[in-house]
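One letter stands for each residue in the lines below.
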Amino acid sequence: MSENQSETHTMSTDTLDAPILVLVDRTPAGAPTSAALGLVSVARRLTAADVVGLVPGDVDTDTSVALAGAGASRLLSADLGGRETVAAVAADAVVAAVGTVSPAVALVGSDYRGKEIAGRAAVRLGSACAADVGDLQVVGNELRVSKLVLSGTWSTTMTVSAQSDSTPVISVHPSAAEAAPVTAGGAELPVEALDVPLTAEAAAVKVISREVADAAAGPDLAEAQRVVVMGRGTDGDLDLVHSLADPLGAAIGATRVACDEGWIERSAQVGQTGAAIAPSLYIGLGVSGAVHHTSGIQGAGTIVAICDDSEAPIFEMADYGIVGDVAQVVPQLVEELARLRG
Ligand SMILES: Cc1cc2nc3c(=O)[nH]c(=O)nc-3n(C[C@H](O)[C@H](O)[C@H](O)COP(=O)(O)OP(=O)(O)OC[C@H]3O[C@@H](n4cnc5c(N)ncnc54)[C@H](O)[C@@H]3O)c2cc1C
């Protein structure tokens, strides 16, 4: 990979002529996650050849149709014994799929597990790895990937040679899917079974128990289209946060400060050392907008900030800003929402 720095991206219409492999994460109910569908749609934009979905477990009709709608043209089903949550196991599946498909690039999600999968698979393939990539473009026959660095203050662009004989593995930030819409569904795709030989380190991991962290008993943060974030300015008033999040059907996220204070589970943290989210609506309550936090919301659509400090940096990126005390503004918002909904 070579590297240079830039601050803007233009959308290229060039495409690769080699397949792209996408690791498809699934919800607990078995459907592809919206992040996985976004990843497939990104791949579809980048190649004229096959977009190959690597799906852990059986592929039912709904899954196949959803992936086809996002742009997949070929599916591999890997029986991982339900252990795909183990990064080493999923990395083995990516390596096996690369051997079968010979893709130009393999794409995985960019949560903690996805970044570990990308690193492990790239090491095993002897190839390049880029994490948290927010933009992918084909220019000529080259794949260029960009990511925010230095807490979101710079964008760095790297070139991944499409002629390379080792497949690079890239973890893709949810914001990359913005420009690649997913349609409702496509024709059911044939599914090929993929045999995945496990490495000793993957086989050694035994999953004792698995619990989905339920930070605020609401929708899943990574999947949510609406997120209300609890900042220090809420002073730990989770009821206030719920009073706005619940009628909106929004997931509850938090700044690191709110998690450090013990007001909410660590799994709710959004930002550089928390989750990267890409909801269509983000509402920050008493959030100042430190770069460590805002680097996790680059993919958000409409940003609303309610904060009592008119100089807070969150207002520089907010689409709508209200300067005021959350304890006064939120109840008024909730009341107005109820009135509008009749
Ligand atoms: C290496 C590193 C990694 C980090 N990773 C993350 C991360 O992943 N995620 C993250 O969030 N942070 C992260 N941080 C911390 C980050 O730098 C900020 O400290 C944090 O995001 C600030 O949280 P906050 O906005 O809730 O608090 P503050 O910055 O204290 O802001 C609170 C805001 O609320 C306002 N306010 C106070 N009372 C009220 C009220 N009643 N009504 C309305 N507004 C009010 C204040 O004026 C202020 O603007 C990281 C820091 C470091 C060094």
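Within every chain, residues take consecutive numbers counted from 1 along the sequence as written. Since the coordinates come from a predicted model, pLDDT governs what is reported: local features require at least 70, and pairs of side-chain atoms require 80 or more to be given and counted, while whole-chain, interface and lining totals use all residues. The side-chain numbers reported here are obtained from all heavy atoms of the structure, hydrogens and water having been left aside.

Novice: Teacher, can you tell me more about the pattern of salt bridges here?
Specialist: Side chains that differ in charge, positive against negative, can pair when their charged atoms come close. Salt bridges are identified by distance alone: a Lys or Arg side-chain nitrogen within 4 Å of an Asp or Glu carboxyl oxygen. Scanning the model with the defined rule gives nine salt bridges in all. The salt bridge involving Arg74 is made with Glu192; its shortest N-O contact spans 2.9 Å. Here Glu192 lies in strand β11 (residues 191-194) and Arg74 lies in strand β4 (residues 74-78), a separation of 118 residues in the sequence. Each residue is assigned to one of three classes by its accessible area relative to the maximum for its type, calculated with a 1.4 Å probe on protein chains only: buried under 20%, partly exposed between the two thresholds, exposed over 50%. When its relative accessible area of 32% is taken as the criterion, Glu192 is described as partly exposed. Put simply, DSSP H or I for four residues or longer makes a helix, DSSP E for two residues or longer makes a strand, and each gets a number counted from the N terminus.

Novice: Mind showing me how you'd approach the pairing of strand β9 (residues 154-161) here?
Specialist: Each regular strand shows side chains that alternate between the opposite faces of the sheet. The element β9 is extensively covered by neighbouring structure, given that six of its eight residues are classed as buried. One requirement defines pairing of two strands: DSSP has to find at least two bridges between them. Here eight bridges tie strand β8 (residues 142-149) to β9, and the two strands are oriented antiparallel to one another. Across the sheet, residue Arg144 finds its bridge partner in β9, namely Thr159.

Novice: Would you mind showing me how to read the packing of helix α6 (residues 238-248) against helix α10 (residues 326-340) here?
Specialist: When two helices pack together, their arrangement is given by the angle between their axes and by how far apart the axes lie. α10 packs onto α6 with a crossing angle of 25 degrees between their chain directions and a minimal axis gap of 9 Å. Here α10 runs roughly parallel to α6, going by the angle between their axes. Judged by the sense of rotation from one axis to the other, the crossing of α6 with α10 is left-handed. Across the interface between the two elements, Leu240, Ser243, Leu244 and Leu248 from α6 touch Val326, Ala327, Val330, Pro331, Leu333, Val334 and Leu337 from α10. When residue character is reported, Ala, Val, Leu, Ile, Met, Phe, Trp, Tyr, Cys and Pro are called nonpolar, Asp, Glu, Lys and Arg charged, and the others, Gly included, polar. Considered class by class, the residues forming the contact of α6 with α10 number 10 nonpolar, one polar and no charged. Think of each axis as a best-fit line through the C-alpha atoms, taken over the contacting stretch in the case of a helix, with angles from 0 to 180 degrees between the N-to-C directions. Orientation categories follow fixed angle ranges, with anything under 35 degrees roughly parallel, anything over 145 roughly antiparallel, 65 to 115 roughly perpendicular, and all other angles oblique. Should the near helix be turned anticlockwise from the far one by less than a right angle, the crossing is left-handed, and should it be turned clockwise, the crossing is right-handed. We call two residues in contact whenever any of their non-hydrogen atoms come within 4.5 Å of each other.

Novice: Looking at this structure, I do not really get the domain arrangement of the protein. What am I missing?
Specialist: It is common to report an interface's size as the accessible area lost on association of the parts. Segment limits for the domains were obtained from an automatic or database-derived domain assignment. The domain architecture assigned to the protein consists of domain 1 (2-204) and domain 2 (226-340). Taking only C-alpha atoms, the centre of domain 1 and the centre of domain 2 are 30 Å apart. Each partner contributes to the interface: domain 1 provides nine residues, whereas domain 2 provides 10 residues. The term buried area refers to how much accessible surface (probe radius 1.4 Å) is lost by two components on association, counted for both of them together. The contact between domain 1 and domain 2 buries some 730 Å² in all, and 58% of this surface belongs to carbon and sulfur atoms.

Novice: Sorry, what's going on with the sheet that holds strand β14 (residues 281-285) here?
Specialist: Within a beta sheet, neighbouring strands are joined by backbone hydrogen bonds and run either parallel or antiparallel to one another. Taken together, five strands build an open sheet; the order of strands is β13-β12-β14-β15-β16 and the sheet is parallel. A strand with exactly one partner marks an edge of an open sheet, and here the two such strands are β13 (251-254) and β16 (320-323). For this sheet, the mean inter-axis angle between neighbouring strands, taken without regard to orientation, is 15 degrees. Sheet topology note: the strand β12 (residues 226-230)/β14 ladder contains five bridges and is parallel. Bridge assignment links Arg226 to a residue of β14, and that residue is Leu281.

Novice: Looking at this structure, I do not really get the site of the ligand. What am I missing?
Specialist: Near the ligand, the surroundings consist of 24 residues, among which Arg232, Thr255, Thr273, Ser288 and Asp308 are the closest. Whenever a nitrogen or oxygen atom comes within 3.5 Å of another N or O atom, the pair is scored as a polar contact, on the condition that within protein one atom can donate a hydrogen and the other can accept it, and that pairs from neighbouring residues in sequence are kept only if both atoms are in side chains. Between Gly286 and the ligand, the recorded distance is 3.1 Å, taken from a backbone N or O atom to an oxygen atom. In this structure, His293 approaches the ligand through a side-chain N or O atom, which is 3.0 Å from an oxygen atom. Burial of the ligand by the protein amounts to 76% of the accessible area it has alone, namely 980 Å². Elements with a contribution of two residues or more to the shell around the ligand: α7 (256-260) and α8 (291-294). In terms of residue class, the shell around the ligand is built from six nonpolar, 13 polar and five charged. A single heavy atom is enough: if one lies within 4 Å of a molecule or strand, its residue is considered near that molecule or strand. Values of accessible area rely on a 1.4 Å probe in the Shrake-Rupley scheme; residue burial ignores everything except the protein chains shown.

Novice: Please explain the sheet that holds strand β6 (residues 129-133) as it appears in this structure.
Specialist: A sheet is described by the order of its strands in space; here seven strands give the open sequence β6-β10-β5-β2-β3-β4-β11, paired in parallel fashion. Sheet topology places β6 and β11 at the edges, where each strand pairs with a single neighbour. The mean inter-strand angle of the sheet, taken between neighbouring strand axes irrespective of direction, is 25 degrees. When strand β2 (residues 20-23) meets strand β3 (residues 51-56), the two strands line up parallel, connected through four bridges. Following the sheet pairing, Val22 is matched in β3 by Gly53.

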